[in-house]
Amino acid sequence: MSEALKREAAARAVAEISSGMKVGLGTGSTARHFVDLLGERVTQGLEIVGVPTSEATARQARDCGIPLSDLDALDRLDVTVDGADEIDAALNLIKGGGGALLREKIVAAASDAMIVIADSSKLVETLGRFPLPIEVNAFGLGATRRAVADVLARHDAQGALRLRVTADGKDFVTDGGHFILDAFFGRISQPEALSSELLNIPGVVQHGLFLNMCRKAYVATPNGVETLL
Ligand code: 5RP
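Source: prediction; values computed, not measured.

**Q** Please give an account of the site of the ligand that cites residues and values.
**A** Around the ligand lies a shell of 16 residues, among which Ser29, Thr30, Asp85, Gly96 and Lys122 are the nearest. Contact distances for the ligand include 2.6 Å between an oxygen atom and a side-chain N or O atom of Lys122. For the ligand, the accessible surface in isolation is 380 Å², of which the surrounding protein chains cover 90%. In a pocket analysis with a 2 Å cut-off to the grid points, the ligand is assigned to the second largest pocket. A class-by-class count of the residues in the shell around the ligand yields 2 nonpolar, 9 polar and 5 charged.

**Q** Tell me about the side chain of Gln60, and name the residues and values.
**A** In this fold, Gln60 is placed in helix H3 (residues 55-63). Apart from the residues within four sequence positions on either side, Gln60 is in contact with Arg32, Val35 and Asp36.

**Q** Go over the packing of helix H2 (residues 29-43) against H3 with me, naming the residues and quoting the values.
**A** It is the contact of H2 with H3, at a shortest axis distance of 9 Å, that shows an interaxial angle of 25 degrees. Classified by the angle between their axes, H2 and H3 sit roughly parallel to one another. The chirality of how H2 crosses H3 is right-handed. On H3, the residues that touch Arg32, Val35 and Asp36 of H2 are Thr57, Gln60 and Ala61. Its residues assigned to classes, the contact of H2 with H3 comprises 2 nonpolar, 2 polar and 2 charged.

**Q** Explain H2 residue by residue, including any values.
**A** When the terminal C-alpha atoms of H2 are compared, their 21 Å separation across 15 residues agrees well with the 21 Å that a helix rising 1.5 Å per residue should span. Burial in H2 covers these residues: Thr30, Ala31, His33, Phe34, Val35, Leu37, Leu38, Gly39 and Val42. Against helix H1 (3-14), strand S1 (22-25), H3, strand S3 (79-82) and strand S6 (114-119) lie the buried residues of H2. At the C-terminal side of H2, Gly45 shows a positive phi close to 120 degrees.

Conventions we followed
Residues numbered from 1 in each chain as written. Predicted model: local features only at pLDDT ≥ 70, side-chain atom pairs only at ≥ 80, totals over all residues. Heavy atoms only, no water. Near = heavy atom within 4 Å. Polar contact = N/O pair within 3.5 Å; in protein donor to acceptor, adjacent residues only side chain to side chain. Areas by Shrake-Rupley, 256 points an atom, 1.4 Å probe, with all protein chains shown as cover. 1 Å grid on protein atoms, 1.4 Å probe; cavity = no way out; pocket = protein on both sides within 12 Å on 5 of 7 lines; lining within 4 Å. Sits in = over half its atoms within 2 Å of the grid points. Nonpolar A, V, L, I, M, F, W, Y, C, P; charged D, E, K, R; others polar. Helix = DSSP H or I, 4+ residues; strand = E, 2+ residues; numbered from the N terminus. Contact = heavy atoms within 4.5 Å. Axes fitted to C-alpha atoms, helices over the stretch in contact; angles between N-to-C directions. Parallel < 35°, antiparallel > 145°, perpendicular 65-115°, else oblique. Left-handed = near helix turned anticlockwise from the far one by under 90°. Expected span 1.5 Å × (residues − 1). Buried < 20%, exposed > 50% of the residue type's maximum accessible area, 1.4 Å probe, protein only.

Dropping the structure here:
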């Protein structure tokens, strides 16, 4: 899907931001358009403060002139705008394709609303086509991996569990210093149960299922941007 369509979805979210708002800034190629457009409005006089969900977004936001803060200084945020890897009809999500899922979930949970921006290729009937990112502590990786594999087997995962590596073959390390296991399910029929079983494993830091967190999505299609509620 084209960058122009992602930008259209981002523009719809930017239109919801007004002066005085505290805004969570997502991560990824679609969120990047949002930060860019938001920066343009800040240059024109919009007074907001942003809380970035990754070091990459923080750098971009600073370059765009968006004033930044963090969740130590701020209590609640008005809204977080972020992308997604999968969106189902109930607006449950898989996120973390870019490896920022932990900070994205912390920031979204501290926000009164979460708006997702995406193109229509991200819409699915059932979550699980996109590999579920699971952020894990480096300590005891082997034990954590085996425990995660047991959970996958209980949930009829159709594919492998892979340690994420970078394009040049190195272990991918998140902003928080953790590794990511990508779990290929095919379909996730019991997302709530899967979520709690994964979080029960001590070495699992967080996973990319965002359940009951998003209330609105702007989805760009070749025929325009659709609002999903
Ligand atoms: C990063 C994310 C992204 O929001 C997600 O991967 C979507 O990215 P893109 O807009 O580039 O398709 O969760 O951790």
